Amino acid sequence: MPHNRNFFFHRKAAAGACLLLCLTPLLSLSAPSIPALAADGLPAPAAAGAASSLPVLSAADAAAASSLPVCEADPDGRVTWQEGFFYEPLSEEVKARITGISYGEGCIVPYEDLRYLNILYVDFHGETQVGEIICNQAIAQDLVEIFYELYLAGYPLESVRLVDEFGGDDTLSMEHNNTSCFNFRVVDGTSNLSKHAYGLAIDINPLYNPYVTWPGGKQRVSPAAAAPFADRSLDFPNKIDEDDLCYQLFAERGFTWGGHWRTMKDYQHFQKALPED
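Not measured: the values here are computed from a predicted model. (Residues numbered from 1 in each chain as written. Predicted model: local features only at pLDDT ≥ 70, side-chain atom pairs only at ≥ 80, totals over all residues. Heavy atoms only, no water.)

### Concerning the side chain of Ser173
Move 1: With respect to the secondary-structure elements, Ser173 resides in helix 5 (residues 170–175).
Move 2: Setting aside residues no more than four positions away along its own chain, Ser173 makes contact with Val163, Phe166, Asn178 and Ser180. (Helix = DSSP H or I, 4+ residues; strand = E, 2+ residues; numbered from the N terminus. Contact = heavy atoms within 4.5 Å.)

### Side note on unusual backbone geometry
Move 1: Each neighbour pair has its own omega, and for Ser222 with Pro223 the value is 0 degrees, a cis peptide bond.
Move 2: With respect to the element layout, Pro223 can be found in the loop between strand 9 (220–222) and helix 6 (245–252).
Move 3: Within the chain, Asn238 stands out as a residue other than glycine whose phi angle is a positive 70 degrees.
Move 4: The topology assignment puts Asn238 in the loop between strand 9 and helix 6.
Move 5: On the basis of relative accessible area, Asn238 is assigned to the buried category, the value being 12%. (Buried < 20%, exposed > 50% of the residue type's maximum accessible area, 1.4 Å probe, protein only.)

### Examining the sheet that holds strand 4 (residues 128–136)
Move 1: An order of 1-2-3-4 is seen for the 4 strands of this open sheet, with the pairing classed as antiparallel. Of all strands in the sheet, those with a lone pairing partner are strand 1 (79–82) and strand 4, marking the two edges. Neighbour-to-neighbour, the strand axes of the sheet open up by a mean angle of 20 degrees, direction not taken into account.
Move 2: The pairing of strand 1 with strand 2 (residues 85–89) spans 3 bridges and is antiparallel. The residue bridging Thr80 from the neighbouring strand is Phe86, located in strand 2.
Move 3: Taken strand by strand, helix 4 (residues 140–152) contacts strand 1, strand 2, strand 3 (114–122) and strand 4, and its axis lies near 5 degrees from that of strand 3. (Pairing = 2+ DSSP bridges. Axes fitted to C-alpha atoms, helices over the stretch in contact; angles between N-to-C directions.)

### Re helix 6
Move 1: For helix 6, the buried fraction is high: 6 of the 8 residues fall into the buried class.
Move 2: Residues of helix 6 that are buried include every one of Leu245, Cys246, Tyr247, Gln248, Leu249 and Phe250, and no others.
Move 3: Taking the backbone nitrogen of Cys246 as reference, a side-chain oxygen 3.2 Å away marks Asp244 as the first, capping residue of helix 6.
Move 4: Just downstream of helix 6 lies Gly254, where phi reads positive at about 85 degrees. (Polar contact = N/O pair within 3.5 Å; in protein donor to acceptor, adjacent residues only side chain to side chain.)

### A word on the sheet that holds strand 7 (residues 201–203)
Move 1: On the basis of which strands lie adjacent, the open sheet formed by 3 strands has the order 7-12-10 and antiparallel pairing. Lying at the two open borders of the sheet, with one neighbouring strand each, are strand 7 and strand 10 (256–257).
Move 2: Pairing of strand 7 with strand 12 (residues 269–271), which is carried by 3 bridges, proceeds in the antiparallel orientation. Each residue of the ladder has a partner; that of Asp203, found in strand 12, is His269.

### Some points on the pattern of salt bridges
Move 1: As enumerated under the stated definition, the model contains 9 salt bridges in all.
Move 2: Linking Glu132 and Arg97 is a salt bridge whose minimum nitrogen-to-oxygen distance equals 2.9 Å. Taken together, the positions of Glu132 in strand 4 and Arg97 in helix 3 (residues 92–98) put the pair 35 residues apart, joining distant regions of the chain.
Move 3: Using a relative accessible area of 12% as the deciding quantity, one classes Glu132 as buried.
Move 4: Overlapping salt bridges bring together Arg97, Glu132, Arg161 and Glu165 as one network. (Salt bridge = Lys/Arg side-chain N within 4 Å of Asp/Glu carboxyl O.)

### A word on a nonpolar patch on the surface
Move 1: Nonpolar side chains collect at one region of the surface, where Ile108, Val186 and Leu193 lie side by side and expose about 230 Å² of accessible area between them.
Move 2: Relative to the helices and strands, Val186 resides in the loop between strand 6 (178–179) and strand 7. (Patch = residues over 30% accessible without salt bridge, like charges linked within 9 Å, V, L, I, M, F, W, Y side chains within 5 Å. Areas by Shrake-Rupley, 256 points an atom, 1.4 Å probe, with all protein chains shown as cover.)

### Overview of the nonpolar core
Move 1: In this structure, Ile133, Leu143, Phe147 and Phe270 are the most contacted members of the largest nonpolar core, which totals 50 residues.
Move 2: Looking at this core element by element, the count peaks at 9 residues for helix 4.
Move 3: With residues up to four places along the chain from it excluded, the contact list for Phe270 reads Leu200, Ala201, Ile202, Ile204, Ile240, Cys246, Tyr247, Phe250, Phe255, Thr256 and Trp257.
Move 4: Listed in part, the 13 residues of the second largest apolar core include Tyr103, Cys107, Leu162 and Ala197. (Core = buried A, V, L, I, M, F, W, Y, C linked by side-chain atoms within 4.5 Å.)

See the structure below:
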């Protein structure tokens, strides 16, 4: 299937759909029921080269989708990028879900600075799922575009759920390979606030893209179950590197990748600074 021809078909369709959706509010989508977590089960790696019925785009073609028009917010503040992809201010229901968990005591980020994202994604079984993300309003448009492009490309994500469904436990979320963003917490092993605390960082497929440090010269991998994936010279599915579409989409929008850090490596992690006034 020619990538370019397929992409431009989707780009034209997307632009038309965006205009239509700006004028007509999107009906709310029902998220699928979420199964109970296994006590110790970890997700198996996605099969390399698994077939997908979704169109596959080259990195250059997928990135070009960023030139699509940005929709205006509706009266309730919802911005719809494409059907199934929107962001909006936190509703009272969402605030109730996160308060006391990811939005913990002493959180310095006003609710008004955060946005709730609804996305679609392709899971490790090739099925379309509904995902939820909370992020800073400064990166909401970036994220909705990136996840739309990943979806068109059939890029597999194991899970995209609020970290609150894991009790705000970042390690538990990573062990279940959950992609997540906002969580008012400090950097692991420090007293410094993480960029996640501001909703300005996101972790993608973290089980296969771990956080690696060397305290006292000894390697430490988080989560511990990700130790087999700490050696980045190996080839395995779901690995983020500079040739990966996910890396390219974030980099093109000005995000910093933790895989480039010198004294530690956070291969799952992308963050962006707040724009200067």
